[in-house]
Amino acid sequence: MASANTPWSEEDFSCSICLDVFSRPVTTPCGHNFCRTCIKKFWDEQVKYKCPVCNKIFDTKPDPKVNTLLSELAAQFRTTVRVKKQPCVEPAEVPCDFCTETKLKAVKSCLVCFTSYCQTHLEPHQRVARLQKHRLVEPMDRLEDRMCKKHDRLLELFCQTEQVCVCQFCSETDHKSHPVVPLKEEYEVKTAQLGKIEAEAPQMIQERKQKIKEIKDTVQLSNKVADREIAIGGQVFTALIGCVEKCWDEFNQTVQENLKSTEKQAKDLIKELEQEIEDLTNRCSEVKQLSHTKDHLHFLQTFRSLKDPPPTRDWTTVEVRPPSYVGTLRRSLHQLNMEMKKLHDAELKRVQQYEVDVTLDPYTAHPHLILSEDGKQVHDGGVWKELPDNPKRFIQFPFVLTRKSFSSGRFYFEVQVKDKTLWFLGVARESIDRKGGSMWTPETGYWILQYYKDGLVFYDDPVVRLPLRAELQKVGVFVDYDEGLVSFYDVEARVHIYSATGCTFSEPLYPFLCPGLYDYGGNNSAPLIISPVNQTD
């Protein structure tokens, strides 16, 4: 296309790739000119970087600069010859829906036509009276998604109740009773929330990294604990095997000695019998020989020596009895039991080294309970005392906790239960329900042992019934917080009663005591007493 005011033709200012007037023209190292967008796209699609005109190959991807002179000339030519006024659409810009070849940037979008227009194709909306009534807005992509499907109106409001975008008609009908605000206002609110979320994310990431570290540390600690327990267990079982082998050897020795004694007795008797048989056989031979002699003098002289038989034992009362092993096995098992008791004693001594000094907290004690001045004893007074209410105090049951709590490591304490017909002992977590009547199980935060005259139980779901131990006078409670272990011991008998394993502790634990109510006959009036550990018991 030629112009009356310029000697140049459109071909002089056309890109050889898009065949349109240059838009931001650049010059390649070989001297040819192209639209910056066109040559960039061309090279992005090639394996080798070459000139589309002369096919010159470049070793590296060139970075051509805008040809300022050519750009100015192309702009003047575009104005003079009335070529398309809008540049090619760039990424993130809205393209004109009417352009068929090179898409130009839209300058307006029509909410009636649902179409975006470049400056050239927008001309009818500016000239035709009927189209001038259409609502034109700044360019928008995906216009159909921005329109209300029910009313074909722009979604320009936000319903805060249902958290959806609505049009003006929606706000006057279906969402009439809902708070509705302009999209921009809600956008600012949500942007602020997004900023908060964005600010919180690093902290949440850090918290999770810390949690990973805690888990890894727990695994590492678990490995150390496992190694330690395996070593201790190895020592215990080695000692136990040694005890069994020792008792087995002693049992075998006792049986063998009894057998050898019986065999020797039998051998001696047989030897004596055989000697008597030999003597009697010789006498029979002499008698027979003498009975055949006819010499009267010789017969009479010899008969005198044969008249008295040789000395023999009365064998009618003599017998060899097999050895009796009654009680032998029992004595060996008793010895083994004594050795086992030594091992139990060693286990108790091992946990006793974690003794802690605890005293009872009067602010947690049920109003029926009476505590000693030193905080080491508690019993039921039978009378409800008017005490200040506080969140720590137990109201429903006669419970009391210690002042001190534990959140890691191991601890051990002993409580005298002598002369009691009912008591509860153990540990409880800090957040237990102190006002209501919830079940006393690990799930609700209790790890407790209960004694009553007919039974001994550990509270779980279901309860664990244990053998009733006679004359139970002192109970030891051991907790390994990190390993999740709660164990109970009969201190006087030096034996283990029960262990709750695999427990999950996530908050402070308190030693827990309940002396139980006493009846008016005086039963169960004795106190529970927190006692110092005596490892020489």
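The structure contained in this document is the topic of the report that follows.

Below, the discussion takes up the overall build of the protein. Across its full length, the protein holds 8 helices and 23 strands. In terms of overall dimensions, the protein is more spread out than a globule: its C-alpha atoms have a radius of gyration of 54 Å, far above the 24 Å expected for 537 residues. Projected onto the principal axes, the alpha-carbon positions of the protein cover approximately 195 × 85 × 40 Å. A total of 537 residues make up the protein; the buried ones form 34% of that total. Residue pairs at least 24 apart in sequence account for 56% of intrachain contacts in the protein once pairs closer than 6 positions are excluded. Roughly 33800 Å² of accessible area belongs to the protein as shown, and the carbon and sulfur atoms make up 54% of that amount. The centroid of the 71 positive side-chain charges in the protein is displaced by 5 Å from the centroid of its 77 negative side-chain charges.

This next bit is on the nonpolar core. Soluble globular proteins tend to pack their nonpolar side chains together in the buried interior. Ranked by internal contacts, the top residues of the largest apolar core, which has 37 residues, are Trp423, Trp447 and Leu513. Apart from the residues within four sequence positions on either side, Trp423 is in contact with Val417, Leu449, Gln450, Tyr451, Leu456, Leu472, Val475, Cys514, Pro515 and Leu528. In this structure, Phe13, Phe22, Val26 and Ala74 belong to the second largest nonpolar core, which totals 17 residues.

Attention now moves to the packing of helix 6 (residues 183-291) against helix 7 (residues 296-306). Between helix 6 and helix 7, the shortest axis-to-axis distance is 11 Å and the interhelical angle comes to 160°. When the axes of helix 6 and helix 7 are compared, the pair comes out roughly antiparallel. The way helix 6 lies across helix 7 gives a crossing that is left-handed. Contacts between helix 6 and helix 7 involve Arg283, Glu286, Val287 and Leu290 from the former and His298, Phe299, Thr302, Phe303 and Leu306 from the latter.

Turning our attention to unusual backbone geometry. With the exception of glycine, most residues fall at negative phi, and the peptide bonds are largely trans. Here the residue pair Asp461 and Pro462 is connected by a cis peptide bond, since its omega of 5° sits within 30 degrees of zero. When you line up the elements, Pro462 lands in the loop between strand 17 (455-458) and strand 18 (464-466). For Gln163, which is not glycine, the phi torsion reads 55° and is therefore positive. Within the secondary structure, Gln163 is located in the loop between strand 8 (157-159) and strand 9 (164-166). Accessibility expressed as a relative area gives 42% for Gln163, which makes it partly exposed. Even without glycine at this site, Arg494 takes up a positive phi of about 60°. In this structure, Arg494 sits in the loop between strand 20 (485-490) and strand 21 (495-500). For Arg494, a relative accessible area of 4% gives the class buried.

A separate point is empty space enclosed by the protein. Under the counting rule described, the total for this entry stands at 2 cavities of 30 Å³ or more. Roughly 40 Å³ of internal volume is contained in the largest cavity. Split into classes, the residues belonging to the lining of the largest cavity amount to 5 nonpolar, 3 polar and 2 charged.

It is worth spelling out the sheet that holds strand 7 (residues 136-137) at this point. Backbone hydrogen bonds hold the strands of a sheet together, and the pairing may be parallel or antiparallel. The strand order across the open sheet built from 3 strands is 6-5-7, with neighbouring strands paired in antiparallel fashion. At either margin of the open sheet sits one strand with a lone partner, and together these are strand 6 (115-117) and strand 7.

Covered by surrounding structure in strand 12 (residues 377-380) are Val378 and Asp380 only, the residues Gln377 and His379 on the alternate face being uncovered. Bridge count between strand 11 (residues 369-371) and strand 12: 3 bridges; the pairing is antiparallel. Bridging across to strand 12, Ile370 finds its partner in His379. Counting the residues in the hairpin turn of strand 11 and strand 12 gives 5 residues, including Gly375, whose phi is positive at 70°. Two strands pair when backbone bridges link them, and strand 12 and strand 23 (residues 528-531) are joined in this way by 2 bridges, in the antiparallel orientation.

Judged by side-chain polarity, Val236, Phe237 and Ile241 come together as a nonpolar surface patch covering roughly 280 Å² of accessible area. Within the fold, Ile241 resides in helix 6. A relative accessible area of 47% places Ile241 in the partly exposed class.

If you walk across this open sheet you meet the 6 strands as 13-22-15-16-17-18, and the pairing is antiparallel. In this open sheet, the two edge strands, each paired with only one partner strand, are strand 13 (400-401) and strand 18. The pairing of strand 15 (residues 422-429) with strand 16 (residues 446-452) spans 7 bridges and is classified as antiparallel. Among the inter-strand pairings, Leu422 is bridged to a residue of strand 16, identified as Tyr452.

Cut-offs applied
Residues numbered from 1 in each chain as written. Predicted model: local features only at pLDDT ≥ 70, side-chain atom pairs only at ≥ 80, totals over all residues. Heavy atoms only, no water. Helix = DSSP H or I, 4+ residues; strand = E, 2+ residues; numbered from the N terminus. Rg over C-alpha atoms; globule rule 2.2 N^0.38 Å. Buried < 20%, exposed > 50% of the residue type's maximum accessible area, 1.4 Å probe, protein only. Contact = heavy atoms within 4.5 Å. Areas by Shrake-Rupley, 256 points an atom, 1.4 Å probe, with all protein chains shown as cover. Lys, Arg positive; Asp, Glu negative; His and termini not counted. Charge placed at Lys NZ, Arg CZ, Asp CG, Glu CD. Core = buried A, V, L, I, M, F, W, Y, C linked by side-chain atoms within 4.5 Å. Axes fitted to C-alpha atoms, helices over the stretch in contact; angles between N-to-C directions. Parallel < 35°, antiparallel > 145°, perpendicular 65-115°, else oblique. Left-handed = near helix turned anticlockwise from the far one by under 90°. 1 Å grid on protein atoms, 1.4 Å probe; cavity = no way out; pocket = protein on both sides within 12 Å on 5 of 7 lines; lining within 4 Å. Points joined across faces, edges and corners; volume = space filled by probe spheres on them. Nonpolar A, V, L, I, M, F, W, Y, C, P; charged D, E, K, R; others polar. Pairing = 2+ DSSP bridges. Patch = residues over 30% accessible without salt bridge, like charges linked within 9 Å, V, L, I, M, F, W, Y side chains within 5 Å. Salt bridge = Lys/Arg side-chain N within 4 Å of Asp/Glu carboxyl O.

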